[in-house]
Amino acid sequence: MKIFFLFIVVFTNTKVYSSIKQKIISFNSEIHGDLKILCESDFFSKIRINLNGKCNYNFGKKCGLFSCNVPEQSKINQKINNNDLYCKNDGTEGVCIDLIKIKEIFTGYKKESGEVWKKIYELACKNKDIMKIISGIHYSVCIHMCKFYRINRKGEYIANTWMFHKKKNLNYEINLYFAFLFISSFFKANNFNVEILKSSLKNNELKSFFRVSKLVDLHVWTNTNINLSSISEILNLLNCLGCERCKLWSKIQFGGVETAIKLSNEIEISENDLIYFVNLLYKLSSSIKISHEFEKIKFPFMCYFNIYTIEIFTIIISLSLFYLLRDKNKCTE
């Protein structure tokens with residue numbers, strides 16, 4: 001993994017980069033399925049999180065779009081006791097959310113989110129490593145927006161592949177890989193020892209499940225100059241997002257970065273920390289997979305026929321009726 005990272009930093013030509021990119025895609029394909037299984041399990045898909053934190057900045061106008069809301073069906077309202085595997089009542093403020101029922105999608109929340117991202121980069125600008133990770137996460141968010149752009153009448157999400165190709169940028173892509181390798185590097189033993197996690201979940205062996213030192217290599221990134229204070233400021237800033245859905249996924253993903261930093265400094269982590277961490281890795285992994293799929297599409301602009309099917313047919317029918325009525329009027333004159 002360290003070799004991959006070094007290659008990305010120092011690559012000098014297209015052939016070298018292309019080779020490294022294929023290795024990363026191949027590595028990602030090996031772990032993506034296991035990550036999906038993990039993140040669809042009760043433990044990793046249900047989390048108690050506070051979406052009503054105080055905003056200390058002068059922006060954060062609430063998004064009025066329906067797509068910005070956290071749907072009621074994703075909120076777990078029944079009483080949860082400490083014997084449950086998820087959403088334990090440990091005093092944490094907030095509501096228990098079922099992440100499977102709320103995707104990271106294109107919400108239409110643009111202007112205010114841009115202000116928050118700008119402030120995030122300002123807070124992180126003193127640290128090159130954290131800037132790369134934030135850029136990678138930002139690009140990952142954009143990829144998910146392109147993948148889950150609009151819902152059709154069947155309730156299925158339609159991708160906007162043309163928007164992806166317009167946003168595609170080599171530097172952003174490199175930073176996505178940097179973030180992915182940074183987070184995934186904390187799993188040792190054949191790169192990604194997911195079997196221990198799956199076995200622990202299946203057998204409810206939480207004690208062995210949280211023996212993090214056996215799962216992660218705490219020394220791989222000890223030279224990476226990232227501290228907790230910058231991430232803590234960013235996490236507080238996320239309270240200013242007026243889009244609940246955006247706030248939810250942002251807190252989870254930046255919480256995952258905070259967990260990685262804790263691990264690199266051998267700081268004890270909580271159950272929520274681990275949930276943030278695994279979900280962030282899955283998001284980055286999914287973005288690499290989606291990006292690879294989108295790159296194979298020869299005519300990305302054709303997506304608009306799927307996205308705007310109703311609008312296109314409405315225009316065609318309207319024009320047809322217009323010309324039909326016009327011709328009919330001519331005949332009666």
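- Per an unreviewed UniProt entry, the chain goes by Endoplasmic oxidoreductin 1 and derives from Hamiltosporidium tvaerminnensis.
- According to its UniProt record, the chain has this under Subcellular location (unreviewed entry): "Endoplasmic reticulum membrane".

1. Quick notes on the overall build of the chain
- Of the regular secondary structure elements, the chain holds 15 helices and four strands.
- Burial analysis of the chain (333 residues in total) assigns 48% to the buried set.
- In the chain, once contacts between residues fewer than 6 apart in sequence are set aside, the share between residues at least 24 apart is 79%.
- Put simply, the chain shows about 17,800 Å² of open surface, and 53% of that area lies on carbon and sulfur atoms.

2. A short note on the pattern of salt bridges
- Tallied over the entire structure, the rule returns 12 salt bridges.
- Ionic pairing is found between Glu40 and Lys36, a salt bridge with its closest N-O pair at 2.7 Å.
- Glu40 sits in the partly exposed class, given a relative accessible area of 43%.
- In this structure Lys36 comes out as partly exposed when scored by relative accessible area, which is 35%.
- Put simply, Lys262 and Asp273 hold a salt bridge, and the shortest N to O gap is 3.0 Å. With Lys262 in helix H12 (residues 244–264) and Asp273 in helix H13 (residues 271–295), the pair connects residues that are 11 residues apart, well separated along the chain. Across the pair, Asp273 and Lys262 agree in class, each one buried.
- Among the charged side chains, a salt-bridge network with shared partners connects Lys21, Lys168, Glu173 and Glu295.

3. Observations regarding the packing of helix H5 (residues 128–147) against helix H7 (residues 170–184)
- Direction vectors running N to C along H5 and H7 enclose 105°, while the axes themselves pass 7 Å from each other. Considering the angle they form, H5 stands roughly perpendicular to H7. Here H5 contributes Asp129, Lys132, Ile133, Ser135, Gly136, Tyr139, Ser140 and Ile143 to the contact with H7, which in turn contributes Tyr172, Glu173, Asn175, Leu176, Phe178, Ala179 and Phe182.
- The residue inventory of the contact of H5 with H7, partitioned by class, reads eight nonpolar, four polar and three charged.

4. Section: the state of the cysteines
- A complete count under the given rule lists three disulfides for this structure.
- Disulfide partner of Cys55: Cys240, at an S-S distance of 2.0 Å. Judged by the sign of its S-S torsion, about 95°, the cystine formed by Cys55 and Cys240 is right-handed. Pair noted here: Cys55 is in the loop between strand E1 (46–49) and strand E2 (95–98) and Cys240 is in the loop between helix H11 (228–237) and H12, with a separation of 185 residues, a long-range link.
- Looking at Cys240, the relative accessible area reads 1%, which means it is buried.

What counts as what
Each chain has its residues counted from 1, following the order in which its sequence is written. Totals for whole chains, interfaces and linings use all residues, but because this is a predicted model, local features are given only for residues with pLDDT of at least 70 and pairs of side-chain atoms are given and counted only at 80 or more. In computing side-chain properties, one takes all heavy atoms of the structure into account and sets aside hydrogens as well as water. UniProt positions are given in the numbering used here, feature names are shortened, and annotations may be inferred rather than shown by experiment. We count a stretch as a helix when DSSP gives it H or I for four or more residues in a row; a strand needs E for two or more, and each element gets its number in order from the N terminus. Burial here depends on accessible area, computed with a 1.4 Å probe over protein chains only, as a share of the maximum for the residue type. Under 20% is buried, over 50% is exposed, and the range in between is partly exposed. Between two residues, a contact is recorded if the distance between any of their heavy atoms is within 4.5 Å. Residue exposure ignores everything except the shown protein chains as possible cover, and the areas themselves are Shrake-Rupley values with a 1.4 Å probe. We define a salt bridge as a side-chain nitrogen of Lys or Arg found within 4 Å of a carboxyl oxygen belonging to Asp or Glu. A fitted line through C-alpha atoms represents every axis, and for helices the fit uses only the stretch in contact; the resulting angles, taken between N-to-C directions, go from 0 to 180 degrees. Roughly parallel refers to an angle under 35 degrees, roughly antiparallel to one over 145, roughly perpendicular to one between 65 and 115, and oblique to any angle outside these ranges. Each residue gets one label: Ala, Val, Leu, Ile, Met, Phe, Trp, Tyr, Cys and Pro are nonpolar, Asp, Glu, Lys and Arg are charged, and the others, such as Gly, are polar. Here, a disulfide means two cysteine sulfur atoms that sit within 2.5 Å of each other.

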